[in-house]
Amino acid sequence: MNLYYLSNIAFFGFAIYSLVFIICKYFSFYKKNIAFSKIDQAAISVVIVAGVVYASVWIYDLGTILLHDNPSKRDRLLNRMTGIYAFGFWLQPLSYILFSQLMRIKKFANHSVLRFIAAFFLFLNFEKLVIFITSLHRDYLPSSWDMHDDYSIFGWIIADWIIKLVIFALMVMVAFLIKNRKTL
């Protein structure tokens, strides 16, 4: 499991958690319980660390391809960086890094609307959006269409989401235990 995948799990899990957190924030049981704020701080620290890890790996990969690899890989990367779908190349990493690091600002992290916007952008996966757009753009012939089973795709999506949420919950639990180890 590479670091890209782990950071994407953290972004996805934080987005879903934030949506639930925003709803629960206005109920009285949340306001009375201090553990919810500690869990929220642990979730915020997980997404901040995931943003730093994602930025480090992304910059390292770009540098490795641009400086040390073969010319054909470098040309393909430069084409992706400057081509017609360059928005997909730049939008995902920059939005992941920007919105994860904006969580360092307390007012941003506690403001419901701003947190909802951040959660929305952390939930999106622009790489899949670009793949979907380019597949529709380049492969429109009816002879290329294929039948698929909707139920299996839906089942895989639900299973994928559950696995990601469980891994994110484990990350938050570890961060919570590390932050509160002196009180335990």
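What you see is a predicted model; the values in this text were computed from it and never measured.

Engineer: Help me out: how do you make sense of the overall build of the protein in this one?
Structural biologist: Secondary structure summary: the protein contains nine helices and zero strands in total. For the protein, the sequential pattern of α-helices and β-strands runs α-α-α-α-α-α-α-α-α. A separation threshold of at least 6 residues defines the contact pool for the protein, and within that pool the share at least 24 residues apart is 78%. Carbon together with sulfur atoms contributes 72% to the accessible area of the protein, which is approximately 12200 Å² in total.

Engineer: Teacher, can you tell me more about the side chain of Asp40 here?
Structural biologist: In this fold, Asp40 is placed in helix α3 (residues 34–68). Residue classification places Asp40 among the buried positions, given a relative accessible area of 2%. Reaching out from Asp40, the side chain makes a polar contact with the side chain of Arg115 at a distance of 2.6 Å. Beyond its immediate chain neighbours, meaning those up to four positions away, Asp40 contacts Tyr17, Phe21 and Arg115.

Engineer: Sorry if this is basic, but what is going on with the packing of α3 against helix α4 (residues 71–82) here?
Structural biologist: Helix packing geometry: the angle between the two helix axes and the distance between the axes. In the contact formed by α3 and α4, the axes pass within 8 Å of each other and the chain directions differ by 130°. Here α3 lies oblique to α4, going by the angle between them. Every pair of crossing elements has a handedness; the one defined by α3 and α4 is left-handed. Within the contact between the two elements, α3 uses Leu62, Ile65 and Leu66 and α4 uses Lys73, Arg74, Leu77 and Leu78. Looking at the contact of α3 with α4 residue by residue, the classes come out as five nonpolar, no polar and two charged.

Engineer: Would you take a moment to explain helix α7 (residues 112–123) for this structure?
Structural biologist: Residues separated by three or four positions in an α-helix point in the same direction, a consequence of the helix having 3.6 residues per turn. Between its terminal C-alpha atoms α7 stretches 16 Å, which fits the 16 Å expected from twelve residues at 1.5 Å a residue. Turning to α7, its buried residues number three or more, namely Ser112, Arg115, Ala118, Ala119 and Leu122. Projected down its long axis, α7 shows its buried positions confined to an angular sector of 125°, all on one face.

Engineer: Would you take a moment to explain the nonpolar core for this structure?
Structural biologist: Taken as a class, soluble globular proteins show a tendency for nonpolar side chains to be buried jointly. One finds Phe11, Phe14, Met103, Leu122 and Phe168 to be the most contacted residues of the largest nonpolar core, which totals 32 residues. Of all the secondary-structure elements, those providing two or more residues to this core are α1 (3–24), α3, α4, α5 (86–101), α6 (106–110), α7 and α9 (150–179). Every residue in contact with Phe168, bar those within four places of it in the chain, is listed here: Ile9, Ala10, Gly13, Phe14, Tyr17, Ala43 and Val46.

Engineer: Is there a simple way to think about the packing of aromatic side chains in this case?
Structural biologist: Within a pair of aromatic rings, the relevant descriptors are the distance that separates the centres and the angle that separates the planes. For the structure shown, the criterion picks out 14 aromatic pairs. Measuring from centroid to centroid gives 5.0 Å for Phe99 and Phe121, while their planes differ by 10°, and the two rings are stacked. With Phe99 in helix α5 and Phe121 in helix α7, the pair connects residues that are 22 residues apart, well separated along the chain. The structure contains a cluster of three or more aromatic residues connected by ring pairs, namely Phe14, Tyr17, Phe21 and Phe168. In this structure, Lys164 is placed above the aromatic ring of Phe12, and the distance from its NZ or CZ to the ring centre is 5.2 Å.

Engineer: In this structure, what is going on with the environment of Leu177? I would like to understand it.
Structural biologist: Residue placement: Leu177 occurs in helix α9. A relative accessible area of 39% places Leu177 in the partly exposed class. Between the alpha carbons of Leu177 and Ala42 there is a distance of 8.7 Å; along the sequence they are 135 residues apart.

Engineer: Can you walk me through the side chain of Gln92 in this structure?
Structural biologist: Tracing the backbone shows Gln92 in helix α5. For Gln92, a relative accessible area of 1% translates into the label buried. With sequence-adjacent residues up to four places away left out, Gln92 is seen in contact with Asn8, Tyr54, Asn125, Phe126 and Glu127.

Conventions and cut-offs
- Residues numbered from 1 in each chain as written.
- Predicted model: local features only at pLDDT ≥ 70, side-chain atom pairs only at ≥ 80, totals over all residues.
- Heavy atoms only, no water.
- Helix = DSSP H or I, 4+ residues; strand = E, 2+ residues; numbered from the N terminus.
- Contact = heavy atoms within 4.5 Å.
- Areas by Shrake-Rupley, 256 points an atom, 1.4 Å probe, with all protein chains shown as cover.
- Buried < 20%, exposed > 50% of the residue type's maximum accessible area, 1.4 Å probe, protein only.
- Polar contact = N/O pair within 3.5 Å; in protein donor to acceptor, adjacent residues only side chain to side chain.
- Axes fitted to C-alpha atoms, helices over the stretch in contact; angles between N-to-C directions.
- Parallel < 35°, antiparallel > 145°, perpendicular 65-115°, else oblique.
- Left-handed = near helix turned anticlockwise from the far one by under 90°.
- Nonpolar A, V, L, I, M, F, W, Y, C, P; charged D, E, K, R; others polar.
- Expected span 1.5 Å × (residues − 1).
- Arc of directions from axis to C-beta.
- Core = buried A, V, L, I, M, F, W, Y, C linked by side-chain atoms within 4.5 Å.
- Phe/Tyr/Trp six-rings, centres within 6.5 Å; stacked < 30°, edge-to-face > 60°.
- Lys NZ or Arg CZ within 6 Å of the ring centre and 35° of its normal.

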